[in-house]
Amino acid sequence: MSKIHVTTTVNGDEVEFLCEPDETLLDVLRDELHLTGSKEGCASGDCGACSVMVNDRLVCSCLVLGAEADGAKVETIEGMADGENLHPLQKKFLEHAALQCGVCTPGFLVAAKALLEKNPDPTETEARYWLAGNLCRCTGYDKIIRAVLDTAAEMRGN
Amino acid sequence: MRYEAPETIDTAVSLLAGAGGDARVLAGGTDLLVQLRADMIEPELVVDVKKIQSMRTITEENGGFRIGAAVAGAELSEHPKVKAAWPGVVEAVDLIGSTQIQGRASMGGNLCNGSPAADSVPAMIAAGTMVSIAGPNGEREVPAEEIIVGPGKTSLAKGEMVTSLFLPARPARSGDAYLRFIPRTEMDIAVVGAGVSLTLDEGGTCTAARVALGAVAATPLLVQEAADALIGTKLDDAAMEALAAAASAACNPIDDKRGTKDFRIKVAGVLARRAAQIALERARGN
Amino acid sequence: MSQALRTDDMDQDLRVVGTRPVRPDGVDKVTGRAMFGADYSLPGMLVGRVLRSPHAHAIIKSIDTSKAEALPGVKAVVTRDDFQEMPSEFIPAGEMLINYRDVVRNVMAREKALYDGHAVAAVAATSVSVAKKALKLIKVDYEVLPHVIDPSEAMKPDAPVLHDHIFTDGVEPKPEKPSNVAKRVEFGMGDVEAGFASADVVVERSFKTQPVHQGYIEPHACVASVSADGQAELWCSTQGHYVVRANCARLLGMDISKIRVTASEIGGGFGGKTVVYLEPVALALSRKACHPVKMVMSREEVFRASGPTSGADIWVKMGATKDGKIVAAQTDLKYQAGAFPGSPVQPGAMCAFAPYDVENVLAVGYDVVTNRPKVAAYRAPGGPISEYAVESVVDELARKLEIDPVDFRLQNAAQQGTRAAYGPKFGPVGLVQTLEAVKNHEHYKAPLGPNQGRGVASGFWFNIGGETSVEINLSEDGTATLMSGTPDIGGSRASLAMMAAEELCIDLEKVRPLIADTSSLGYNFLTGGSRVTFSAGLATVEAAREIVKELCARAAKIWEIPEDAVEWEKGYVRPAGENAGNFEPLSVADIAKVAGKTGGPIAGYARINAQGAAPSFGTHLVDVEVDPETGRAWVTRYTVVQDAGKAIHPSYVEGQYQGGAVQGIGWAFNEEYIYDDKGCLENPGFLDYRIPVASDVPMIDTVIVEVPNPRHPYGVRGVGETPIVPPMGAIANAVSAATGIRFTELPMSPPKVLKALEEHRANGGGD
């Protein structure tokens, strides 16, 4: 199996890597680029722990081939904070204790950011359905949803 | 496994036709990659069709819409005109998986995966969708209900692939709807799906109807008897009950981990009736 | 949002405890920096993969690994031959027991494969693709045997027997033939026959539950590296790295001190990460290959080969007088252990009737082996199953007596001094307070819509203490490093740091809590039994107080006055008695700065076997709605009330309540292991093993009741497990209220509910 050369942008930086044709973007992020913030919880698109943005679309990186990232813009949890300034969602997750074990947290944050970019004023129901592809087994979702809605309110200037 | 990302349909077709072993089309990949990861398939070739522009675009055509086979669900949902004309189809596509899946999954992929439970398929069958296929022997167009021939099996020949789906012009006073039953609110495969499209005359009598069911047989079903239960009626309670009975009667389901045979038969009738009610309200509003 | 109900004034002027600061490990977890089990890698690391049995029950006649070993890139292959035989010996694991004879067989199948997914061989190779190829080249010759899954089926005389050496323990005389019943346990007091004879109303029901998985989002993962001289490093996601160390050393014949285990961040466990699966295999592969080996389970492997908790058949009979006094309670519990003995039937039997003050009680439990993965602890192991059945019967009794279900529970509630059927008398407990809080909650009086019903249920869990070490080192600048050895799953670093900051009177930000590796701190039993905030909290307070004592001694030394002539007050050492006012008070930082001149480093080190853990009771209140045409039921409103003793960080206490409730919602409605007729698991993934998603559930309201545990300096009880106990009963009672039908099987999935609704309607029951 010969490897494929891929040039892509990850969190604003141009990166190149070699990947096998059947390697996923998640494998590449974690194993080649050492960006281990995206997690593999299922490898079948059911848990959302590997959520990233590819060309401004929220996707499961376990369901994208590394080869497909050629020429694409990829954004991961590692690019969410601006240096030491956390994104408002990251701050609110901490304030609201919206994480327990924290393994689903990167996926939730990436997905929630995508939600607020598309819909700055989601209802609770909209937030819950948007995030239905992100499984959390610890929190019962209550504090996560509160953190997302509170961030939305803050970002709207309320 | 080889990965190719051609920019034209012709190249894609010749790659698929020329493959020595199993060759797969990659659109959104939300089924294909799951099968790859689970070692359910070991293709020799994967052809990524997302660099083919026509397969990524939605165009208006004769009052209807031609939807590239690789258009992602999220892109379809964001198209205001398609959503206004065929809300049932767009909602059905939107039910496929999570927000993340919507960023990738396509109507073409949902159809060609061949699952009897595919959410968008009953809706597209009810809508009278025509499917464009390119292959080594040129292009052909067939109704959506002729694609899936068994679980995981399609009528596509070697080297053929679906390039676009055509949703026809929406007649006046018509509406469509799709409902599915799942145990949770999201993230499940349909246990039963029901798509209904219907048209009323000025007096409110149903002049045309198509009813399609998913997950109740080896393939999605277009149920003529269910449509007949509506046509010529004012969609009163009796007609709706007749529709439900006809839908239930058409089912030939199995017991499996997602539901029992009896459950599917009963719920198919319930969902067909509920979907028809929504389609009716939409038709009255148009 | 949460309310807190406090029953005493134990709180002195608490500055940190009881507040809601940002957790110390939080930033790493919101930025992706936190390292979980699969996030570690080492130079030269190999990929380890496991070959698993496709059969539920089969003799392994032979394993031929020669072709796999010959494949380029394969560096090691291990099978049963690489693990030594172990004697039969039970050791505690959380609230459960394990037997090394079985542990070695669960880690790698020996004579037989006992469930679909049972590990049979493992390889270490240079890449995933080579490892996968190698697995395909291993030839295993199986003789497939009949299998049995259902506990009642497995107890029948003609059932396939899994183990020839199992002759039911706890039965006199010893049975003549081996069977699948590993053990019979019995707890009771009084005379149930006489009790039932005095009852005006008796309810008797049989229940069935299916196995459910802990469902943590992070699959099991580890990296092992064994050097040529036998010194080993292991990084893994576990609830107890000291326990992993002990088990691996035992299974591999290594000295405990030769293995250093570092607990990664852990992506959920709920009891399921208290046992070893991959770790001994990775060490064995690494030892053989002389390379580091990383092993990560796929989600499918997690479902097929780890966890779950038991499915069970339960029979409950309870009787009460017409004025509402429960006079007798009896249960038979048949719990699946999975492939090896050790279901949580014992704790299940012990806590079945714990919430109630009943004179005549008899609980009999059977531990039944079946061809399913060996069960692992799952949050209050055993309790949710028996208490679901009991709470359903309690609800039915209340209805028959036409007494409000909360009043009925209040009338019979266990209180301080009540003797539990399993032996002890309760100290101060908060069940009555939780029931009163439910009764007074606005939710309890809120109107219900059509097809809706309301249910209530109480629950109990013991909570445990156990061996714990905590070390606090005071730095030269007066900041502190707090090392504990119980992996932090739900925020324990926060609560321990808060207690340390409270005791040392320094800012919380000045305490850096870490989870020490096994070589850097004394032994710690695992994170389980809701014990960490209690036990490690106790040790933290003890270590901090040792530092305070030392600070006083150092100040006395600086001032050249006797040690008993100083006092500690609010972060300062002051001269006291006749020296009062003679010297400027010294802060922690002042003393730390000159520690080198006054006797060297200042530290506190507590090594305890924590005693005095106190149980936690909870009462849940839930509204459900049922679609009469499809049988789908869902929760419309949910309130958890539970006694925390003391909430150190209330947000994370609420989080435990909310998370437990939602796990319970999954258990009640959709979660189950589904097998085909060959005994193979049909739903080993999150697609068809349906844990609740965000859109399935409402906000979960919480009320924290605080009836302090007198054996903890701040009153902590432990809160992690009780929240999973009441949900199934509460939800079943709500569904019954909504439909008029008593449901006795979990999960209450739509096909079952619809079938029951149709039968009910056919029999003339109303809609």
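Predicted model, so just to flag it, every value in this text is computed and none were measured.

The rules behind the values
- Residues numbered from 1 in each chain as written.
- Chains lettered and ligands numbered in written order.
- Predicted model: local features only at pLDDT ≥ 70, side-chain atom pairs only at ≥ 80, totals over all residues.
- Heavy atoms only, no water.
- Contact = heavy atoms within 4.5 Å.
- Buried area = accessible area lost by both parts, 1.4 Å probe.
- Salt bridge = Lys/Arg side-chain N within 4 Å of Asp/Glu carboxyl O.
- Helix = DSSP H or I, 4+ residues; strand = E, 2+ residues; numbered from the N terminus.
- Nonpolar A, V, L, I, M, F, W, Y, C, P; charged D, E, K, R; others polar.
- Pairing = 2+ DSSP bridges.
- Axes fitted to C-alpha atoms, helices over the stretch in contact; angles between N-to-C directions.
- Parallel < 35°, antiparallel > 145°, perpendicular 65-115°, else oblique.
- Buried < 20%, exposed > 50% of the residue type's maximum accessible area, 1.4 Å probe, protein only.
- Core = buried A, V, L, I, M, F, W, Y, C linked by side-chain atoms within 4.5 Å.
- Phe/Tyr/Trp six-rings, centres within 6.5 Å; stacked < 30°, edge-to-face > 60°.
- Lys NZ or Arg CZ within 6 Å of the ring centre and 35° of its normal.
- Domains from an automatic or database assignment.
- Polar contact = N/O pair within 3.5 Å; in protein donor to acceptor, adjacent residues only side chain to side chain.

Enquirer: Describe the interface of chain B and chain C, listing the residues and the values that go with them.
Expert: Each partner contributes residues to the interface: chain B has 21 residues there, and chain C has 21 residues. Summing both sides of the interface, chain B and chain C together bury roughly 2,000 Å²; the carbon and sulfur share of this comes to 51%. The interface formed by chain B and chain C includes 9 salt bridges. Among the elements that make up the side of chain B that touches chain C, the one with the highest residue count is helix α11 (residues 261-285) of chain B (6 residues). For the side of chain B that touches chain C, the per-class residue count stands at 8 nonpolar, 3 polar and 10 charged.

Enquirer: Could you give an account of the sheet that holds strand β9 (residues 139-144) of chain C, with specific residues and numbers?
Expert: Residue and element names in this part refer to chain C. Pairing in this open sheet of 3 strands is antiparallel, and the strands run β7-β3-β9 from one edge to the other. In this open sheet, the two edge strands, each paired with only one partner strand, are β7 (112-113) and β9. Where strand β3 (residues 58-64) and β9 come together, 6 bridges link them in antiparallel fashion. For I60, the partnering residue across the bridge sits in β9 and is Y142.

Enquirer: Tell me about the packing of helix α11 (residues 383-400) of chain C against helix α12 (residues 405-412) of chain C, and name the residues and values.
Expert: Residues and elements named next belong to chain C. Packing of α11 against α12 leaves a shortest axis separation of 9 Å and a crossing angle of 110°. When the axis of α11 is compared with that of α12, the two are roughly perpendicular. Residue-level inspection shows E391, V394, D395, L397 and A398 of α11 in contact with α12, the latter providing P405, F408 and R409. Of the residues assigned to the contact of α11 with α12, the class counts are 5 nonpolar, no polar and 3 charged.

Enquirer: A description of the pattern of salt bridges should follow, citing residues and the corresponding values.
Expert: All names here are of chain C. If you walk through the whole model with that rule in mind, you get 85 salt bridges over all chains. E759 is the partner of K755 in a salt bridge, and the nearest nitrogen-oxygen pair spans 3.7 Å. Residue K755 and its partner E759 are both found in helix α21 (residues 750-762); the two are separated by 4 residues, about one turn of the helix. Accessibility expressed as a relative area gives 42% for E759, which makes it partly exposed.

Enquirer: How would you sum up the sheet that holds strand β12 (residues 192-200) of chain B? Please name residues and give values.
Expert: With antiparallel pairing, the 4 strands of this open sheet are ordered in space as β11-β12-β13-β14 (chain B). Looking along the sheet, the strands with just one partner apiece sit at the ends: β11 (174-181) and β14 (221-222) of chain B.

Enquirer: Kindly report on helix α1 (residues 25-32) of chain A, identifying the contributing residues and their values.
Expert: Burial within α1 of chain A is extensive, with 6 of its 8 residues counted as buried. Of all the residues in α1 of chain A, the buried ones are L25, L26, D27, V28, L29 and R30 of chain A. Close packing links the buried residues of α1 of chain A with β1 (4-10), β2 (13-19), β3 (51-54) and β5 (73-75) of chain A together with α2 (32-37) of chain B. Phi turns positive, to about 60°, at H34 of chain A, one or two residues after α1 of chain A.

Enquirer: So what about the nonpolar core? Which residues, and what values?
Expert: Grouped burial of nonpolar side chains is what soluble globular proteins tend to show. Counting residues in hydrophobic clusters, the biggest one holds 205 residues, and the most contacted among them are F93 of chain A together with M295, M318, V624, I731 and M748 of chain C. In this structure M318 of chain C touches F196, V201, V202, V203, I326, A328, A329, F353, V390, V393, V394 and L397 of chain C, once residues within four positions along its chain are discounted. Counting residues in hydrophobic clusters, the runner-up holds 66 residues, among them I9, L16, M55 and L167 of chain B.

Enquirer: Hey, could you go over the packing of aromatic side chains for me, with residue numbers and the actual values?
Expert: Each pair of aromatic rings is reported with the distance of its centres and the angle of its planes. All names here are of chain C. Here the structure, examined in full by the defined rule, presents 19 aromatic pairs over all chains. Here the aromatic cluster, defined as three or more aromatic residues joined through ring pairs, consists of Y422, F426, F460, W461, F462 and F617. A cation over an aromatic ring shows up here: K317 above the ring of F196, its NZ or CZ 4.4 Å from the ring centre.

Enquirer: How would you summarise the domain arrangement of chain B if you had to cite specific residues and measurements?
Expert: Residues and elements named next belong to chain B. In terms of domain boundaries, chain B breaks down into domain 1 (55-167) and domain 2 (174-285). For domain 1 and domain 2, the distance between their C-alpha centroids amounts to 20 Å. At the interface, 25 residues of domain 1 touch 22 residues of domain 2. Interface area for domain 1 against domain 2, summed over the two sides, is near 1,900 Å², with a carbon-plus-sulfur share of 61%. Counting across the domain 1 and domain 2 interface gives 3 salt bridges. As a salt-bridge pair, E91 and R282 come within 2.6 Å of each other at their nearest N and O atoms. Along the contact surface separating domain 1 from domain 2 lie 10 residue pairs in polar contact (both at pLDDT 80 or more). Listing elements by their share of the side of domain 1 that touches domain 2, those giving two or more residues are α5 (87-94), α8 (120-126) and β8 (148-150). Class assignment of the residues belonging to the side of domain 1 that touches domain 2 gives a composition of 16 nonpolar, 6 polar and 3 charged.

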